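Below are the chains, spelled out letter by letter.
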Amino acid sequence: MVTKGEGMMAADGVSSDVDQNQIDEANSAFWNELCGTQLAQSLGITDDSMESLRRFDAWYMDFYPYLETHIPFQSFSGQKVLEVGLGYGTVAQRIADSGAIYSGLDIAAGPVDMANRRLATTNAEGAAVCGSILDAPFPDAEFDYVVAIGSLHHTGALDRALCEVHRLLKPGGGATVMVYNAASYRQWALSPLKTLRRRWSDPARYVSHNEADERMRGAYDVNAAGAGAPQTEFVTRSELTYLTRDFASCDIVAENIGSESVLRFLPRPIACRLLGPYIGLDLYCRLVK
Ligand SMILES: C[S@@+](CC[C@H](N)C(=O)[O-])C[C@H]1O[C@@H](n2cnc3c(N)ncnc32)[C@H](O)[C@@H]1O
């Protein structure tokens, strides 16, 4: 897979040598437990029957209704669409059901198996493969569209992942990329000074780096044992705009409010609508090559 990474300069100016192979191995082990496993358990889902998966998918699309706005499923029929980072496969299923020629890519075997089981069961066109978006096993300009929801910021090299997305797209092709917002309400609450510094830092100085703070990573993704994801990167809107400067266009919208602390008293759909665009947890980025 990927060889030893270059010396990286973190946003706080501290340089670190990171072995990309170690990051990939840690990611592959951590994400082999499908992202969404705990949700499935809380919904009482214990098998992979289509009925159970449809129930999971209905919950997921209801919880993230704005996915229908940010991913142009209705235009996918007959198009070659790559999804990066598959998790429980809800988006994979939705892309395949839209009539796209589906390709999936994930660093962990579990999500790849789940996506392939779904495709086989529904006789959909396409396949998922194991590999890293940092060194994607596809030729240049192969895809009409790339969808990467909550995955590129876990690779350890968001900047490189975005370059690969650009390489894989046909000229004029599009992408929907969701990454975590470094200036969301949660960042302000957990780490106000750091967030303030990030907010006013020069985006052109941004280089990919891991969030070292386990508490911060654990506030976003945890496995059944309670451990946070091994790699998580956060970006501001201006940093993301800078990182996607090779694309012809980039539109960013913030979404998603959690239910921690006082937020539990506000119905989530209202919180998402009122606060999401300003201090939402996630940045949805629509790109055109
Ligand atoms: C938080 S999950 C998101 C899954 C799904 N998109 C969703 O929204 O439910 C992140 C996914 O990205 C995958 N991933 C992490 N690093 C990757 C890499 N270098 N290349 C491809 N996939 C990667 C993980 O294995 C995991 O399935």
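In this text the structure is predicted, and so the values were computed from the model without any measurement.

1. Comments concerning the overall build of the chain
A count of helical and extended segments in the chain gives 12 helices and 10 strands. Its C-alpha atoms give the chain a radius of gyration of 18 Å, within 12% of the compact-globule value 19 Å for 289 residues. When the backbone C-alpha atoms are referred to their principal axes, the chain occupies close to 50 × 45 × 35 Å. Looking at the chain residue by residue over its 289 residues, the buried ones come to 42%.

2. Focus: the site of the ligand
In the region of the ligand, 24 residues are neighbours, and W31, C35, G85, G87 and S151 sit closest. A per-class count over the shell around the ligand returns 13 nonpolar, 9 polar and 2 charged.

3. Some remarks on the confidence of the model for the chain
Any residue range with low pLDDT should be treated as having predicted coordinates unsuitable for detailed reading. In the predicted model, the chain carries a mean pLDDT of 92, and 94% of its residues have values of at least 70. In this model, residues 1–17 is a region of pLDDT below 50 whose contacts with residues beyond four sequence positions or in other chains number 33 contacts.

4. Some thoughts on the pairing of strand β7 (residues 169–181)
Counting buried residues in β7 gives 10 out of 13 residues, a clear majority hidden from the surface. As judged from the 6 bridges shared by strand β6 (residues 143–149) and β7, these two strands associate in the parallel manner. When the sheet's bridge partners are listed, F143 is paired in β7 with L169. Note on the crossover from β6 through helix α7 (residues 158–168) to β7: the handedness is right-handed. Across 7 bridges, β7 lies against strand β10 (residues 282–288) in antiparallel orientation. Paired with G174 across the two strands is V288, which belongs to β10.

Here is what the cut-offs are and how they apply
- Residues numbered from 1 in each chain as written.
- Predicted model: local features only at pLDDT ≥ 70, side-chain atom pairs only at ≥ 80, totals over all residues.
- Helix = DSSP H or I, 4+ residues; strand = E, 2+ residues; numbered from the N terminus.
- Rg over C-alpha atoms; globule rule 2.2 N^0.38 Å.
- Buried ≥ 20, exposed ≤ 12 C-beta atoms within 10 Å, placed from the backbone.
- Near = placed C-beta within 6 Å.
- Nonpolar A, V, L, I, M, F, W, Y, C, P; charged D, E, K, R; others polar.
- pLDDT = per-residue confidence, 0-100.
- Contact = placed C-beta atoms within 7 Å.
- Pairing = 2+ DSSP bridges.
- Right-handed = clockwise from strand over helix to strand, strands pointing away.

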